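Descriptive structure summary
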Amino acid sequence: MRQHETDGGARKAVFAPVDNRARVDTVVRRIGDAIELGLLADGEQLPGESELAGRLGVSTVTLREALMALRQQGLVTTRRGRGGGSFVSLPEVPADDRLRARLRGWSTEELRDLGDHWAALSGAAARLAAQRTEPADLQPLRRTAEELAHAGDAAARGRLYGRFHVELAAAAQSARLTREQVALQSEVGALLCLVLADDAYREEVAERHRSVVSAVQDGARETAGTLAERCVRESAARLVAVRLTL
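Summarised in this report is the structure supplied together with it. The shown structure was predicted, so the numbers you read here are calculated from the model rather than taken from an experiment. Every chain begins its residue count from 1, and numbering advances along the sequence as written. Side-chain atom pairs in this predicted model are given and counted only at pLDDT of 80 or more, local residue features only at pLDDT of at least 70, and totals for whole chains, interfaces and linings cover all residues. In computing side-chain values, all of the structure's heavy atoms are included and hydrogens and water are not.

Comments concerning the environment of L114
Of note, L114 is situated in helix α6 (residues 108–132). Measuring from C-alpha to C-alpha, the distance between L114 and E187 comes to 9.4 Å, with 73 residues separating the pair along the chain. With near-sequence residues (within four places) excluded, L114 lies in contact with W106, L184, E187 and V188. In this text, helices come from DSSP runs of H or I with a minimum length of four residues, and strands from runs of E with a minimum of two, each type numbered from the N-terminal end. Whether two residues are in contact is decided by their heavy atoms, any of which lying within 4.5 Å being enough.

Considerations on the packing of helix α11 (residues 199–217) against helix α12 (residues 221–244)
The convention used is that axes are lines fitted to C-alpha atoms, helices contributing only their stretch in contact, and that angles between N-to-C directions extend from 0 to 180 degrees. At their nearest, the axes of α11 and α12 sit 8 Å apart, and the two run at 160° to each other. Considering their axes alone, α11 and α12 lie roughly antiparallel with respect to each other. Remark: the crossing between α11 and α12 carries left-handed chirality. Where α11 abuts α12, its residues Y201, E204, V205, R208, H209, S211, V212, A215 and V216 lie against T223, A224, L227, A228, R230, C231, E234, S235 and R238. For classification purposes, angles smaller than 35 degrees are called roughly parallel, those larger than 145 roughly antiparallel, those between 65 and 115 roughly perpendicular, and all remaining angles oblique. By definition, any crossing whose near helix is turned counterclockwise from its far helix by less than a right angle is left-handed, and any crossing with a clockwise turn is right-handed.

Quick word on the packing of aromatic side chains
Centres within 6.5 Å make a pair out of two Phe, Tyr or Trp rings, where for Trp the six-membered ring is used; the pair is then stacked when the planes are under 30 degrees apart, edge-to-face when over 60, and tilted otherwise. Applying the stated rule across the entire model yields one aromatic pair. An angle of 55° between the planes, with centres 5.6 Å apart, marks the rings of W118 and Y161 as tilted. You can see W118 sitting in helix α6 and its partner Y161 sitting in helix α8 (residues 154–171), a full 43 residues away along the chain. By the burial criterion, W118 is buried, and Y161 matches it. The cut-offs for exposure are 20% and 50% of the maximum accessible area for each residue type, with area from a 1.4 Å probe on protein chains only; residues under the lower value are buried, those over the upper are exposed, and the others partly exposed.

Topic: helix α2 (residues 23–37)
For α2, which comprises 15 residues, the first-to-last C-alpha distance of 21 Å matches the rise-based estimate of 21 Å (1.5 Å per residue) to within 8%. T26, V27, V28, R30, I31, G32, D33, A34, I35 and L37 are the residues of α2 that are buried. Directly beyond the C-terminal end of α2, a positive phi value near 85° is found at G38. The length a helix should cover is 1.5 Å for every residue beyond the first.

Observations concerning the nonpolar core
What we call a nonpolar core is a set of buried Ala, Val, Leu, Ile, Met, Phe, Trp, Tyr and Cys residues that are connected through their side-chain atoms within 4.5 Å. Core analysis: the biggest nonpolar cluster contains 48 residues, and Y161 and L168 have the highest contact counts within it. In terms of residue count, α6 provides more of this core than any other element does, eight residues in total. Ignoring sequence-local partners within four residues, the contact set of L168 consists of S122, A125, A126, A129, L141, V212, V216 and A228. Judged by nonpolar contacts, the second largest core, of 28 residues, contains I31, L39, L40 and L56.

Side note on the pattern of salt bridges
Salt-bridge detection follows one rule: a side-chain nitrogen of Lys or Arg within 4 Å of a carboxyl oxygen of Asp or Glu. The tally for this structure, following the rule as stated, stands at 14 salt bridges. R210 is paired through a salt bridge with E203; the nearest N and O atoms lie 3.2 Å apart. Residue classification places R210 among the partly exposed positions, given a relative accessible area of 22%. A relative accessible area of 32% means that E203 is categorised as partly exposed. Notably, a salt bridge pairs E222 with R221, separated by 2.9 Å at the nearest N-O pair. Here E222 falls in the partly exposed class, since its relative accessible area comes to 42%. Here the salt bridges do not stand alone but share partners, grouping R127, R221, E222 and E229 into one network.

Examining α11
Taking 1.5 Å as the rise per residue, α11 with 19 residues should run 27 Å; its terminal C-alpha atoms sit 27 Å apart, in good agreement. Packing partners of the buried residues in α11 comprise α6, α7 (139–150), α8, α10 (193–196) and α12. Capping the start of α11 is the job of one residue whose side-chain oxygen sits 3.3 Å from the backbone nitrogen of A200: D198. Phi turns positive, to about 75°, at G219, one or two residues after α11. Two N or O atoms count as a polar contact when they lie within 3.5 Å, although within protein this holds only if one can serve as hydrogen donor and the other as acceptor, and sequence-adjacent residues are included solely when both atoms are side-chain atoms.

With respect to the side chain of R163
Position of R163 among the secondary structure elements: in helix α8. For R163, the side chain forms a polar contact with the side chain of E147, separated by 3.4 Å.

Focus: unusual backbone geometry
A positive phi angle, close to 60°, is found at Q173, a residue other than glycine. Along the chain, Q173 falls in the loop between α8 and α9 (175–188).

Comments concerning the packing of α6 against α8
One can describe the packing of α6 onto α8 by two numbers: an axis separation of 7 Å at closest approach and a directional angle of 45°. Classified by the angle between their axes, α6 and α8 sit oblique to one another. Crossing angle aside, the handedness with which α6 passes α8 is left-handed. For the pair formed by α6 and α8, the contact residues are W118, S122, A125, A126 and A129 on the first element and Y161, H165, L168, A169 and A171 on the second. In terms of residue class, the contact of α6 with α8 is built from eight nonpolar, two polar and no charged. As a working rule, the residues Ala, Val, Leu, Ile, Met, Phe, Trp, Tyr, Cys and Pro are called nonpolar, Asp, Glu, Lys and Arg charged, and the rest polar, with Gly in that last group.

Okay, here's the thing in structure tokens:
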């Protein structure tokens, strides 16, 4: 079965109706963030314009403007004629020096604040998931944790890390938490490449993710929340440590 047939709530949040404010920008950010996180696969065909506009709750004119912006960002390609449509185009990963330049734009205080916010989101999601989700609904989380354990390059690791936390929010059956996680990953997701290049830390994170899934499956609400929070706080602390070297 293809990935996009099994991702459930995380993917549903991608195509949920957008806010009335600044709709073109909202559509661009929503779809762009999903592509960056790997929730939409490289080469995957997006729904047709009429269907996609309907699912997002926008006009086809608004959608076309958003798709044009996504094409300009290199995130979507459009093919004409038979078998044509709009297709996801996974972006090139920023080079290490570009990531470090981006990290310089954050102060250590901002990174710590971001870590606090992220930990609160993931902790709340894990606690709710432990209360609400069924074991069969945890397959996307298990798959992502295992993919992270075997991912060879830092870029893939960063996407899988972010995807796990988005899927955790989806398992909590909270559309708002899921959207918040997607938005947060667009801010910090690529920067995680700087700390996930280390193989030992990659395996440590993968094991922590497995532990979160096990706690959620067992309905261990507080354990799941605490584990998710610790995982995020450790990653944020590592980003702060890198920032201090710049």
